[in-house]
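# Chains, contacts and geometry: an overview
Chain residues, written in single-letter form:
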Amino acid sequence: MDNYKKNIAEEIARVLDKNKNEVEKTIEIPPSKDLGDYAFPCFHIAKELKKNPNEIARQISEKIKKPEFVRDIKVVGPYVNFFLDESEFAKAVIVRVLTEGKNYGKSKILHGKTIMVEYSAPNTNKPLHVGHLRNDSIGMAISNILCFCGAKVIKANLYSDRGAHICKSMIGYLKYGNNKTPEDENIKGDHFVGKFYVLFSKDLEQNPELEKEAIEMLKKWENKDKEVRELWEKMNSWVIKGFEETYKKFGSKFDVVFKESDFYDKAGSLIEEGLKKKIFKETDVGIVALLEQYGLPNKVLLRKDGTSIYITTDLSLTKYKFDKYKLDEAIWVVGSEQKLYFQQLFKIFELLNYEFAKKCKHLSYEMIYLPEGRLKSREGKVVDADELIESAEEKALEEIKKRYQNITKEHLERKRAIGLAAIKFFMLKVDPNKPIFFDINKAIEFEGETGPYVQYTYARAKSIIRKSGLEKELKNIFKSADFSSLDSIEEKEIISLINEFQQVVEESAKSLAPDKVCQYLLKLSEKFNKFYHSCKIIQSDKVDLEKLLLVYAVSQTIKNGLELLNIETLEEM
RNA sequence: GGGCCCAUAGCGUAGUCAGGAUAGCGCAACUGGCUUCUAACCAGUAGGUCGUGGGUUCAAAUCCCACUGGGCCCGCCA
């Protein structure tokens, strides 16, 4: 897209008799628009020629032939700054948004690739908590972003629905449940089951022997004991129903849902293969992958008694994923505390000589901490997902009530969209490598660098377009527009930013970093709001058509960006 | 003992991979702006040894080394 830069580089390269690609790499975008649209720093050349960089900049500016689209070239100290012909540039950018609409910003860098993104991955013994919301926000956003870049994305979930932890909630239920159902107590199934997990854990503190009881039950489960299986089916279905409700509310979507119970016992051939190749070894603790010579700790794959652990499932499931879906890449969105685990998993596949080992990626993100420390489901020390969503919506409703007297059905729909936007944007705007110290007031803030702020910016833009009465005629207006009137610094900056959108999306896809899209949207919103205040688009009954087109381009870009983050836009707020 | 991640104003955060022009921004504080296209906004004031110490460079928040502080992980939890 950025042909301007290329052409400028070519011209500089000609003057200096240099390689144009090298020149292109050194061209920068100045910190401020009034310095120009592109800048060529002369430090490198100065060093080579052992001359003063300011002098070189001056010489370049004298010798250079001004490309057609460049309005002006100015020397500022050691920089040669280029000013684009803004009217041509504005026209090119706006026409692109106008014709591409909801596809504006789409890229083809991942065209033809099939990528699976596994995220959320809850345990079916307790409700979802705030950590899952960070996970889901990242998982959904990165899926959308990869898809926008041309990939075929398969969103996958994995229910960890068997194992010692599941048995613990079952034992808790047997002891304290009195055969009741979630309906009896009128609470969501996941919350209902979670209570028994906490009760069991409390008992466990008093009596560590209970750990063995859980393993005993796990053995029965693996031996398909009828009673244990029936209870398990029943409790799992309660929990999963609860999950599905929360996912629906939050907007987490999955194309395929895997269950650990379908895969835990299917790693047999892989394990035999490893034993044969002497990569695995039977020891007194179970079957162990020997990884020490590769700088990783050894990893137990199967307990001595033959029962499975978490990695047993991932061994068979990963192979299954690549076989069945012919993936070009598999991404796991999982907390950073499991980094080593994934290194081990991927290493095992590499040692087993599976070509797909190279195509596995762990998208790691840091944890969410409470002021008093880590989230601990066992102790009930969590921020519950449903409760957080509820609080966010409540706060949104309060804000709406401040602005409207009569609350309509539409307002109730709006509070949902605003509340969710706050949570999702909060989860996505920071670098995934940074831990979040949870403070509910920060998580559901609507002012400043927040989701609702971006939504509000969009609503403002749409309001102008609505009131102009020209929404349907934008494409005709365009033909007679004179873009040289968009000549303020604010306007030029906005146009530049809109032009950068696709590049931001691509970078975000390449580095699996949705926070880049958030930062971009904040910047665009900030510039737009400044512009909004500094000038009027509709004055009495006269509409500034060029500005209106710019407003449209902003609104469409924000909409496309928010959609990537799985955040709804509102026409009115 | 080993490995990974983080450190930027009272708090939070961008910029670090690809070193350059006054280190952007938000919250909180203070001042000002709604009979106007929506004030969930905007303008302004104040607040910074970019964890510490070295090194590389014409130039370091950014690259390299050492250290300090915090978090996470290190064979039968997930």
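Heads up: these notes are all about the structure in this document.

About the cut-offs
Residues numbered from 1 in each chain as written. Chains lettered and ligands numbered in written order. Predicted model: local features only at pLDDT ≥ 70, side-chain atom pairs only at ≥ 80, totals over all residues. Heavy atoms only, no water. Salt bridge = Lys/Arg side-chain N within 4 Å of Asp/Glu carboxyl O. Buried < 20%, exposed > 50% of the residue type's maximum accessible area, 1.4 Å probe, protein only. Helix = DSSP H or I, 4+ residues; strand = E, 2+ residues; numbered from the N terminus. Polar contact = N/O pair within 3.5 Å; in protein donor to acceptor, adjacent residues only side chain to side chain. Contact = heavy atoms within 4.5 Å. Expected span 1.5 Å × (residues − 1). Core = buried A, V, L, I, M, F, W, Y, C linked by side-chain atoms within 4.5 Å. Domains from an automatic or database assignment. Pairing = 2+ DSSP bridges. Axes fitted to C-alpha atoms, helices over the stretch in contact; angles between N-to-C directions.

## A word on the pattern of salt bridges
- This model, assessed by the stated rule, comprises 37 salt bridges.
- Residue K33 pairs with D37 through a salt bridge whose shortest N-O separation is 2.6 Å. In this structure, K33 and D37 share a single accessibility class: buried.
- Notably, a salt bridge pairs D190 with K188, separated by 3.2 Å at the nearest N-O pair.
- The exposure class of D190 is buried, given its relative accessible area of 0%.
- Because the salt bridges share partners, they merge into one network encompassing K188, D190, K249 and D386.

## Notes on the side chain of K33
- Mapped onto the secondary structure, K33 falls in the loop between α2 (20-26) and β1 (38-41).
- For K33, a relative accessible area of 13% puts it in the buried group.
- Polar contacts involving the side chain of K33 include one to the side chain of S496, which spans 2.4 Å.
- Setting aside anything within four residues of it in sequence, one finds K33 in contact with F83, I489, K492, E493 and S496.

## Concerning helix α6 (residues 130-148)
- Over its 19 residues, α6 extends 27 Å from the first C-alpha to the last, a length consistent with the 27 Å expected when each residue adds 1.5 Å.
- Among the 19 residues of α6, 18 are classified as buried, and the element is accordingly described as predominantly covered.
- G150 lies just past α6 and shows a positive phi near 105°.

## Topic: the nonpolar core
- Counting 96 residues, the largest nonpolar core has F40, F82, L146 and I498 as its most contacted members.
- Per-element accounting of this core gives the leading share, 10 residues, to helix α23 (residues 545-564).
- A domain-level breakdown of this core finds at least three residues from each of domain 1 (3-84) and domain 2 (386-433 + 443-564).
- Excluding residues that lie within four positions of it along the chain, F82 makes contacts with I8, I12, G36, D37, Y38, F40, I64, V70, D72 and I73.
- Ranked by size, the runner-up nonpolar core spans 46 residues in total, among them V130, M217, L218 and I368.

## Description of the sheet that holds strand β7 (residues 280-282)
- The sheet built from 3 strands is open, its strands ordered β7-β8-β9 with antiparallel pairing. The two strands at the open ends of the sheet, each matched to only one other strand, are β7 and β9 (299-303). When strand polarity is set aside, the average angle formed by the axes of neighbouring strands in this sheet is 25°.
- Bridge analysis of strand β8 (residues 286-289) against β9 gives 4 bridges, and the strand direction is antiparallel. Residue I287 lies in a different strand from β9, and its bridge partner there is L302.

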